[in-house]
Amino acid sequence: MLLKGDGPGALVQIEQEKDENWRLIGLPMAYHALGRKTESDAALATLLARGEKDWSYNIAYVYAFRGEADKAFEWLDKAVQYQDPGLSQIVGENLFDNIHSDRRWLPFLRKIGRAPEQLAKIQFKVTLRPQ
């Protein structure tokens, strides 16, 4: 819903999320999409208080979605430091779209081995088992 520009629908959806952690991650973005800055900031503060090590990758994409590139890259660096497994999904994560044009994006992807030219070099060998 967020990526489709449906802020009201995103807020309804995230408010119904059963998992509190995912709700905490989604609320700052839903409020931001609705232009409710004070509520977005408060929801983000709650998320930051709860999950620096466990949610650093997710916090980075919250900042990216909000258009705060400096903070997004700060949290991406923390995600590397904490070895956040979410980094494995970074190439396909559309919540980072707002920072793709930032001059730091490709160097960051290179640093973690996910730049397009690095991914293109991966060779796959598929062995079919006889039936």
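Refer to the structure presented above.
Computed from a predicted structure; not experimentally measured.

Enquirer: Help me understand the overall build of the protein chain in this model?
Expert: A tally of regular secondary structure across the protein chain gives seven helices and zero strands. Put simply, the protein chain runs from its N terminus to its C terminus through helices and strands in the order α-α-α-α-α-α-α. Once the C-alpha set of the protein chain is aligned to its principal axes, its extents read approximately 55 × 40 × 25 Å. Across the 131 residues that make up the protein chain, the buried fraction comes to 39%. In the protein chain, once contacts between residues fewer than 6 apart in sequence are set aside, the share between residues at least 24 apart is 52%. Between the mean site of the 18 positive side-chain charges and the mean site of the 18 negative ones, the protein chain shows a separation of 6 Å.

Enquirer: What exactly am I supposed to notice about the nonpolar core here?
Expert: Proteins that are soluble and globular tend to have nonpolar side chains buried together. Core analysis: the largest hydrophobic core is formed by 37 residues, its most contacted members being Met-29, Tyr-61, Leu-76, Ile-90, Phe-96, Ile-99 and Trp-105. Looking at this core, the elements with two or more residues in it are helix H1 (7-15), helix H2 (20-33), helix H3 (37-50), helix H4 (56-65), helix H5 (69-81) and helix H6 (105-111). Dropping the residues within four chain positions of it, Ile-99 is found in contact with Ala-64, Ala-69, Ala-72, Phe-73, Leu-76 and Trp-105.

Enquirer: Please clarify how the pattern of salt bridges should be interpreted in this entry.
Expert: Should their charged atoms come close, side chains of opposite charge can pair. In the structure shown here, the tally under the stated rule is eleven salt bridges. Taking the shortest distance from any N to any O, the salt bridge between Arg-104 and Asp-70 comes out at 2.9 Å. Of this pair, Arg-104 sits in the loop between H5 and H6 while Asp-70 sits in helix H5; the two residues are 34 residues apart in sequence, bridging distant segments of the chain. Since its relative accessible area comes to 23%, Arg-104 is described here as partly exposed. For Asp-70, a relative accessible area of 56% puts it in the exposed group. One continuous salt-bridge network, built from bridges that share partners, spans Lys-37, Asp-41, Arg-66 and Glu-68.

Enquirer: Mind showing me how you'd approach the packing of aromatic side chains here?
Expert: Within a pair of aromatic rings, the relevant descriptors are the distance that separates the centres and the angle that separates the planes. All told, the structure shown has five aromatic pairs when counted by the stated rule. Ring geometry for Trp-22 against Trp-55: centres 5.4 Å apart, planes inclined by 75 degrees, an arrangement best described as edge-to-face. Of the two residues, Trp-22 sits in helix H2 while Trp-55 sits in the loop between H3 and H4, which places them 33 residues apart along the sequence. On the basis of relative accessible area, Trp-22 is assigned to the partly exposed category, the value being 39%. Taking the centre distance of 5.7 Å and the plane angle of 35 degrees together, the rings of Phe-96 and Trp-105 count as tilted. Both residues of the pair, Phe-96 and Trp-105, count as buried. Among the aromatic residues, those joined into a cluster by ring pairs are Tyr-57, Tyr-61, Phe-96 and Trp-105. Directly above the ring of Trp-75 sits Lys-78, whose terminal nitrogen or CZ lies 4.0 Å from the centroid.

Scoring rules and cut-offs
- Residues numbered from 1 in each chain as written.
- Predicted model: local features only at pLDDT ≥ 70, side-chain atom pairs only at ≥ 80, totals over all residues.
- Heavy atoms only, no water.
- Helix = DSSP H or I, 4+ residues; strand = E, 2+ residues; numbered from the N terminus.
- Buried < 20%, exposed > 50% of the residue type's maximum accessible area, 1.4 Å probe, protein only.
- Contact = heavy atoms within 4.5 Å.
- Lys, Arg positive; Asp, Glu negative; His and termini not counted.
- Charge placed at Lys NZ, Arg CZ, Asp CG, Glu CD.
- Core = buried A, V, L, I, M, F, W, Y, C linked by side-chain atoms within 4.5 Å.
- Salt bridge = Lys/Arg side-chain N within 4 Å of Asp/Glu carboxyl O.
- Phe/Tyr/Trp six-rings, centres within 6.5 Å; stacked < 30°, edge-to-face > 60°.
- Lys NZ or Arg CZ within 6 Å of the ring centre and 35° of its normal.

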